[in-house]
Amino acid sequence: MPASQTTNEEIAELFEHLGMMLEMKGDSAFKIRAYQRAARTIEELSFPLDQAVADGQKLTGIPGIGKAISEKIHELVTTGQVQTFERVKSELPEGALNLLAIPGIGPKTAVLIGTELGISTIEGVEQAAQDGRLASLPRMGKRAADSILRHIRASRSISSDRTPIGQALSIAEAAMAGLRERDAEISILTPAGSLRRWEETIGDVDLVAITPQPEELGRCLAELPQVREVLVNGPRKTSVIVDPGLQIDLRTGEAESIGAMLQYFTGSQQHNIRLRDFANRMGLSLNEYGITNVESGQVEVFPDEESFYARLGLPLIPPELRAGMWELEAAIEGRLPQLVEPLHLRGDLHLHSDWSDGSDPIETMVATVASMGYEYMALTDHSQGLGVANGLTPDRLAAQREVLRQLQERYDIRILAGSEVDIRSDGRMDFPDEVLAELDVVVASVHNAMSQDRETMTRRVIRAMEHPSVTIIGHLSTRLLGQRPPTDFDLEAVLQAARDTGTALEINASPERLDLKDTHAYRARELGIPLVISTDSHHHSHLSGGRFGVAVARRAWCEPQHILNTMPLDHFRRFITTPKPQRIKVFDDVVATAAPSVPNGHASSQAGA
DNA sequence: GCCGTTTTCGGCCCGACTGTTTTCAGTCG
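Quick caveat: nothing in here was measured; it's all calculated off a predicted structure. (Residues numbered from 1 in each chain as written. Chains lettered and ligands numbered in written order. Predicted model: local features only at pLDDT ≥ 70, side-chain atom pairs only at ≥ 80, totals over all residues. Heavy atoms only, no water.)

Peer 1: Explain the overall build of chain A to me, using residue names and the numbers behind them.
Peer 2: Secondary structure summary: chain A contains 26 helices and 17 strands in total. Over its C-alpha trace chain A gives a radius of gyration of 26 Å, about what one expects of a compact globule, namely 25 Å for 609 residues. Each principal axis of the C-alpha distribution contributes one length, and for chain A these read about 80 × 60 × 50 Å. Pairs at least 24 apart in sequence give 68% of the contacts found in chain A among residues at least 6 apart. Accessible surface, chain A as shown: approximately 25,700 Å² in total, 49% of it carbon and sulfur. (Helix = DSSP H or I, 4+ residues; strand = E, 2+ residues; numbered from the N terminus. Rg over C-alpha atoms; globule rule 2.2 N^0.38 Å. Contact = heavy atoms within 4.5 Å. Areas by Shrake-Rupley, 256 points an atom, 1.4 Å probe, with all protein chains shown as cover.)

Peer 1: How would you sum up the sheet that holds strand S2 (residues 188-192)? Please name residues and give values.
Peer 2: With respect to topology, five strands assemble into an open sheet ordered S2-S4-S7-S6-S5, the strand pairing being mixed. The open sheet has two edge strands with one neighbour each: S2 and strand S5 (227-233). Strand-to-strand, the axes of this sheet are offset by a mean angle of 25°, without reference to chain direction. In terms of strand pairing, S5 meets strand S6 (residues 237-242) through five bridges, oriented antiparallel. Each bridged residue has a counterpart across the sheet, and for Val227 the counterpart in S6 is Val242. (Pairing = 2+ DSSP bridges. Axes fitted to C-alpha atoms, helices over the stretch in contact; angles between N-to-C directions.)

Peer 1: Before we move on, could you go through the sheet that holds strand S11 (residues 347-351) and cite the residues and values that matter?
Peer 2: Taken together, seven strands build an open sheet; the order of strands is S11-S12-S13-S14-S15-S16-S17 and the sheet is parallel. Strands with a single pairing partner mark the edges of an open sheet, and in this sheet they are S11 and strand S17 (531-534). Strands S11, strand S12 (376-379), strand S13 (414-422) and strand S14 (441-445) of the sheet are contacted by helix H24 (residues 569-577), whose axis makes an angle of about 40° with S13.

Peer 1: I'd like a description of the UniProt feature "domain: Helix-hairpin-helix DNA-binding motif class" (unreviewed entry) in chain A, backed by residues and values.
Peer 2: In the numbering used here, UniProt assigns the "domain: Helix-hairpin-helix DNA-binding motif class" (unreviewed entry) feature to residues 57-76, 97-116 and 132-151. Annotation note: span residues 57-76, helix share 50%, strand share 0%, distance between end C-alpha atoms 15 Å. Counting secondary structure, residues 97-116 comes out at 65% helix and 0% strand; the distance between its end C-alpha atoms is 16 Å. (UniProt positions renumbered as here; feature names shortened; annotations may be inferred.)

Peer 1: Describe helix H20 (residues 454-466), naming the residues involved and giving the relevant values.
Peer 2: Taking 1.5 Å per residue, 13 residues should reach 18 Å; H20 reaches 18 Å between its end C-alpha atoms and fits that length. All buried positions along H20 are accounted for by Met457, Thr458, Arg460, Val461, Ile462, Ala464 and Met465. For H20, the N-terminal capping position is held by Asp453, with its side-chain oxygen 3.1 Å away from the main-chain nitrogen of Glu455. (Expected span 1.5 Å × (residues − 1). Buried < 20%, exposed > 50% of the residue type's maximum accessible area, 1.4 Å probe, protein only. Polar contact = N/O pair within 3.5 Å; in protein donor to acceptor, adjacent residues only side chain to side chain.)

Peer 1: Report on the protein's contact with DNA strand B, specifying residues and quantitative values.
Peer 2: Not every one of the 45 residues close to DNA strand B is listed here, only the nearest: Arg33, Thr109, Arg276, Ser285 and Tyr289. Within 4 Å of the protein, atoms of DNA strand B come from sugar and phosphate in 72% of cases. Gly106 is positioned such that a nitrogen or oxygen atom in its backbone is 2.8 Å from a phosphate oxygen of DNA strand B. Ranked by residue count, the leading element in the surface near DNA strand B is helix H2 (residues 29-44), at five residues. Grouping the amino acids of the surface near DNA strand B by side-chain chemistry returns 19 nonpolar, 12 polar and 14 charged. (Near = heavy atom within 4 Å. Nonpolar A, V, L, I, M, F, W, Y, C, P; charged D, E, K, R; others polar.)

Peer 1: Account for the pattern of salt bridges, with residues named and values stated.
Peer 2: Pairing between side chains of opposite charge can happen when the charged atoms of each approach one another. According to the stated counting rule, one finds 39 salt bridges in the structure shown. With a shortest N-O distance of 2.6 Å, Glu375 and Arg346 are connected by a salt bridge. Residue Glu375 is found in the loop between helix H17 (362-371) and S12, and its partner Arg346 is found in the loop between helix H16 (327-332) and S11; the two are separated by 29 residues along the sequence. Residue classification places Arg346 among the partly exposed residues on the basis of a relative accessible area of 29%. The partner of Arg513 in a salt bridge is Asp536, with the nearest N and O atoms 3.7 Å apart. In this pair, Arg513 is assigned in the loop between strand S16 (504-508) and helix H22 (518-526) and Asp536 in the loop between S17 and helix H23 (546-555), connecting sequence segments 23 residues apart. For the pair formed by Arg513 and Asp536, the shared burial category is buried. Bridged by salt links that share partners, the residues Glu16, Arg40 and Glu43 form one connected network. (Salt bridge = Lys/Arg side-chain N within 4 Å of Asp/Glu carboxyl O.)

Peer 1: Which residues make up unusual backbone geometry, and what values do they have?
Peer 2: Going from Asp243 to Pro244, the amide bond is cis rather than trans, its omega being 0°. Its location among the elements puts Pro244 in the loop between S6 and strand S7 (246-253). The step from Asp515 to Leu516 runs through a cis peptide bond, and the omega angle for that step is 5°. The residue Leu516 is located in the loop between S16 and H22 in this model. A positive phi is found at Ala449, a non-glycine position, where the angle reads about 45°. Mapped onto the fold, Ala449 is located in the loop between S14 and H20. Ala449 sits in the partly exposed class, given a relative accessible area of 34%.

Peer 1: Report on the confidence of the model for chain A, specifying residues and quantitative values.
Peer 2: Parts of the model with low pLDDT should not have their predicted coordinates read in detail. For chain A, the average pLDDT comes to 91, and 96% of its residues sit at 70 or higher. Contacts from residues 596-609, a stretch scored under 50 in pLDDT, to residues over four places away or in other chains number 38 contacts. (pLDDT = per-residue confidence, 0-100.)

Structure below.
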């Protein structure tokens, strides 16, 4: 590792801020966008840039990163700062960047406030909005000042700036239900934006609607009981903030344009910029109404996204892939993956009953999984060490196996004996080896001492993977979205150990976790590590939540063969009954015999040495 | 600052909404 770490997040933030500062200075809009694009790309990378720099890898193959930005990354990683950044910062009013956090205040207004009023904090702006100083500025007025004040107060009531997708989806569904109740003539009403791309957190909810009375629908949204604040209300676009503090943007349009609308509002912004650039070179211009032939001015409309992309000579690019990374090249070259889908799942390998901290009896869980058409499941109640979760002792575990044997006779689903076994702070397992050896599936997870330093945590997890009975590492980072940060560990070292030991990694589908996260799952797939999508259900109603995990896998460009629990039971059994280091070969065989359309090694080859 | 199916120079996505203005700048996504 480099002497001191610089995370991709820190590097991305530097370029994001550099772009904002250049915007304040009125620099070239294209240069600004180049920095912003680099920031977006770096956030999405599946490998650590500081490591790549230390390894002497070339960065200029990464989309949006050329010579100048590559040099600045080197400078930041090796010296801890970037001269250009420091210089630009010194030329701007103190704290101007702080003001950009206020919705409605952009670079121009921030500089104006900083230079004219000497204000550098959000509180200062609030004060100036109240005492009239803000309204006295050029091109400002009372209404503008009031609007800024409203935005400050609204943003303060939003707990954090991004909402975990599980919560956002519930809020979106409630709003959509309310709209349907008030307008029976809606023909289409669907999420777009980051929600449709299944990002793990959502900045604001985008909805797209087709209805005969668009303006009326905007009014309906503004009048929903959960609406706390109306931000925008125009003929085609309405923005509101709903409880408990999430913005919803509703766009309406004509039925004939739905293909272009969905594409436009699903984004991502970077994907759209690249797609429009691609279209421009064909003499076509894209907007939310259709595709315009620049020369003739003729506009074509599209009934769905598939025909929209087809007009550009492209296959439909699934929303989860529209990150503005490598998906456009893959589409052009016919290398888009055949992404895994919920229907591909044949088993659930991580679920709890009321024997530990679940809330349903074993039979309820078994019956529910069986009714979903799955071929197999593993019951994985907690091990003894997790006292708060009523973890099972070896005796209770043995008793549970007897219950499973009886249930097996009555249900048409293969019930595997499992346990979610605690990884103790030193990496030892929470059951004796002979107990573990009796189980079909061992999910090993960290549940305590989560603040261990990087080295200790890395050693701890690797030691667990080296255990011959450990099948899967559960929720690797232990994060809870918006509540608990991930543990610190060396991802590359852990992934390498997973590959070397033949240990699978779980994509925990619980919407509070989503762990592995998308970029880590992407890297794991590249390295040929078996992945599992499990719900970690603690109630039978959670069992249908696999979709969230499938979304993570899709964002990681996973095809069915990358996911162990898409295998038929006999294949899966061959995997878990093969001794561990050789086990990886069973998995490799499955991947090798599947359709070879996955861009394996694409990211690393682009950035490769 | 990045990038290349016409290019190593000359392009660079596109529109809605708001507020302060009588035609546009700023912000947002």
